[in-house]
Amino acid sequence: MAYYSTYHCAIPCYLCYTRIMIVIEPYKRKPVTDQRVEIVERKGTGHPDYLCDSMMEAISIALSREYMKKFGAILHHNIDKGLLAAGRVEMLFGGGRMLAPMELTIGDRATFEAGRTKVPVAEITIAAAKAWLRENMRFVDPEKHLRYRVVLSQGSEELTDIFARSGKVLGANDTSAAVGYYPLSPTEKAVLSLERHLNSKAFKSRYPETGEDIKVMGLRTGRDLELTVAMPLVSRFVWNEKNYFERKNAIQKVMERYVSRFEQFRRVNVHFNTLDEQGRGLKGVYLSLLGTSAEDADSGQVGRGNRVNGLISLNRPMGTEAAAGKNPVSHVGKIYNVLTHRLAKKLFENVEGAREVYVLMLSRIGTPINEPQVATAQILLEKGRRVSDIARKAEDIIGRELASINKFCVELSQGKYPVC
């Protein structure tokens, strides 16, 4: 049975003058861990889609910082239309060369001027993208290996005006829905952990021949986990085909030792660069000049990568909004995407007997972002527990988080919460 409430906050704040529909209801499906088949994907640091998401988000953070510095407020911008077009390389054992650079197209909207004060949007945009690449991609030279095409325009008057309207909380700039969940399943944890380990500074220091473009696909069937890993070896460290397979076999063993710590599974198998075929030379190995397939083989686009919790989990509900690059103070496609996951975690940690928590939120354009049309928590409880026993506490947690949404948005603008 669902528990419905029109929430009236007890905290002396702006929210006290609003009324929000909050629904607390039981989750009716099997928990993910009890489902026979589970599929989880993670696109790592150097994947073209991850590159796109990360650079667009870095640009939003940089613009937010500049707007705050100049105007004391974050002005309208949405840097969520990005495309990384693949370049072209000549690959050789022991090296290679770039024949045509990658091209990053940075699009959508930004505020270029307020009053008589101008903002160097294009310069900030390119500088932020280059800084992210320098920090995260060892072999990509942001000056030589990429071209930058900034196609940002001034926002529409109606959407831009949201930022000029009076009120302590900005209105939503879209009618949009989001969903978050917690906790992660053992499969999700394993997939995320393996990619993070392979792209860690410690691993790259020990195995510099491994590229950053890592994709991990996990398939759990019952208690058995199959992990398929794609990770190029960087050509400057590989002298010939024999050396490639020697290095590949050594890295395979390292991965197998690492995944042996995942004790929740009966068996874990790692499949590494399965397209490889000995005897075919350069055509039978996965080499990269710069550590990313965007150099030659694959383009990237905002929104095609991980969800805001870093995973693509096919057994979970997923929204279609791309969070990366959207402004952090009025675009609910970003705010609610991150907030629903945060709320699900808080509910799981504070509601006694919760096994899984799913949170759904829906905005209405123009309505303050702390007043969603509905905020729903679907909670899978341990046997013998009832929703009516925990509904009031769950409702209060949601209400308090909405009451402090301005603080959350500030933290979001500073990059405190990752979005890919």
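Rules of the game
Note on numbering: residues in each chain are counted from 1, in written sequence order. Reporting of local features is limited, given that this is a predicted model, to residues whose pLDDT is at least 70; pairs of side-chain atoms are given and counted only at 80 or more, and all residues count toward the totals for whole chains, interfaces and linings. Neither water nor hydrogens contribute to the side-chain values; these are computed over all heavy atoms in the structure. Note on terminology: a nonpolar core comprises buried Ala, Val, Leu, Ile, Met, Phe, Trp, Tyr and Cys residues joined through side-chain atoms within 4.5 Å. Remark: exposure states derive from per-residue accessible area (1.4 Å probe, protein chains only) relative to the maximum for the residue type, with buried under 20%, exposed over 50%, and partly exposed in between. Helix numbering and strand numbering both begin at the N terminus, where a helix is a DSSP run of H or I of at least 4 residues and a strand a DSSP run of E of at least 2. Contacts are assigned to residue pairs with any non-hydrogen atoms lying within 4.5 Å of each other. Both site types are read off a 1 Å grid over the protein atoms alone. A 1.4 Å probe that fits but cannot get out defines a cavity, while an open set with protein on both sides within 12 Å along at least five of seven lines defines a pocket; lining residues have an atom within 4 Å of a point. Grid points are joined across faces, edges and corners, and a volume is the space filled by probe spheres set on the points. As a per-residue quantity, pLDDT reports the predictor's confidence and falls between 0 and 100. A helix is expected to span 1.5 Å for every residue after the first. Think of a polar contact as two N or O atoms within 3.5 Å of one another; within protein, one of them needs to be a possible hydrogen donor and the other a possible acceptor, and neighboring residues in sequence only count if both atoms come from side chains. Salt bridges, as used here, are contacts in which a Lys or Arg side-chain nitrogen is within 4 Å of a carboxyl oxygen on Asp or Glu.

Student: Residue-level account of the nonpolar core, with values.
Tutor: Grouped together as the largest cluster of nonpolar side chains are 72 residues, with contacts concentrated most on Leu104, Leu194 and Val229. With ten residues, helix H1 (residues 48-71) is the single largest residue contributor to this core. If near-sequence neighbours (up to four positions away) are discounted, Leu104 is found in contact with Cys52, Met55, Met56, Leu83, Leu84, Ala129, Leu146, Arg147, Tyr148 and Arg149. Counting residues in hydrophobic clusters, the runner-up holds 43 residues, among them Leu347, Ala354, Ile398 and Phe408.

Student: So what's going on with empty space enclosed by the protein? Residues and values would help.
Tutor: One pass over the structure, following the stated rule, counts three cavities of 30 Å³ or more. Its boundaries defined by the atoms lining it, the largest cavity holds a volume of some 90 Å³. If you trace the largest cavity, you find it lined by Asp53, Gly303, Asn306, Arg307, Val308, Glu321, Ala322, Ala323, Ala324, Asn337 and Val419. In this structure, the second largest cavity spans a volume of roughly 60 Å³. Residue lining of the second largest cavity: Val179, Tyr181, Arg307, Val308, Asn309, Pro317, Met318, Gly319, Asn337 and His341, and that is the complete set.

Student: How would you summarise the confidence of the model for the protein chain if you had to cite specific residues and measurements?
Tutor: Per-residue confidence for the protein chain averages 92 on the pLDDT scale, and 92% of its residues sit at or above 70. With pLDDT under 50 throughout, residues 6-18 is counted as low confidence; its partners more than four residues away or in other chains account for 33 contacts.

Student: Can you lay out helix H6 (residues 241-259) for me, pointing to particular residues and giving the numbers?
Tutor: For H6, spanning 19 residues, the distance from its first C-alpha to its last is 27 Å, which sits close to the expected 27 Å at 1.5 Å a residue. Listed in full, the buried residues belonging to H6 are Asn243, Tyr244, Phe245, Lys248, Ile251, Gln252, Val254, Met255, Tyr258 and Val259. Buried residues in H6 make contact with helix H4 (186-198), helix H5 (201-206), strand E13 (224-230), strand E14 (233-234), strand E15 (267-272) and strand E16 (287-288). Structurally, the start of H6 carries an N-cap: the backbone nitrogen of Lys242 is 3.2 Å from a side-chain oxygen of Asn240.

Student: Hey, could you go over the pattern of salt bridges for me, with residue numbers and the actual values?
Tutor: Scanning the model with the defined rule gives 35 salt bridges in all. With its nearest N and O atoms 4.0 Å apart, the salt bridge here joins Asp49 to Arg304. Taken together, the positions of Asp49 in helix H1 and Arg304 in the loop between strand E17 (300-301) and strand E18 (312-313) put the pair 255 residues apart, joining distant regions of the chain. Relative accessible area serves as the criterion here: at 51%, Arg304 is assigned to the exposed category.

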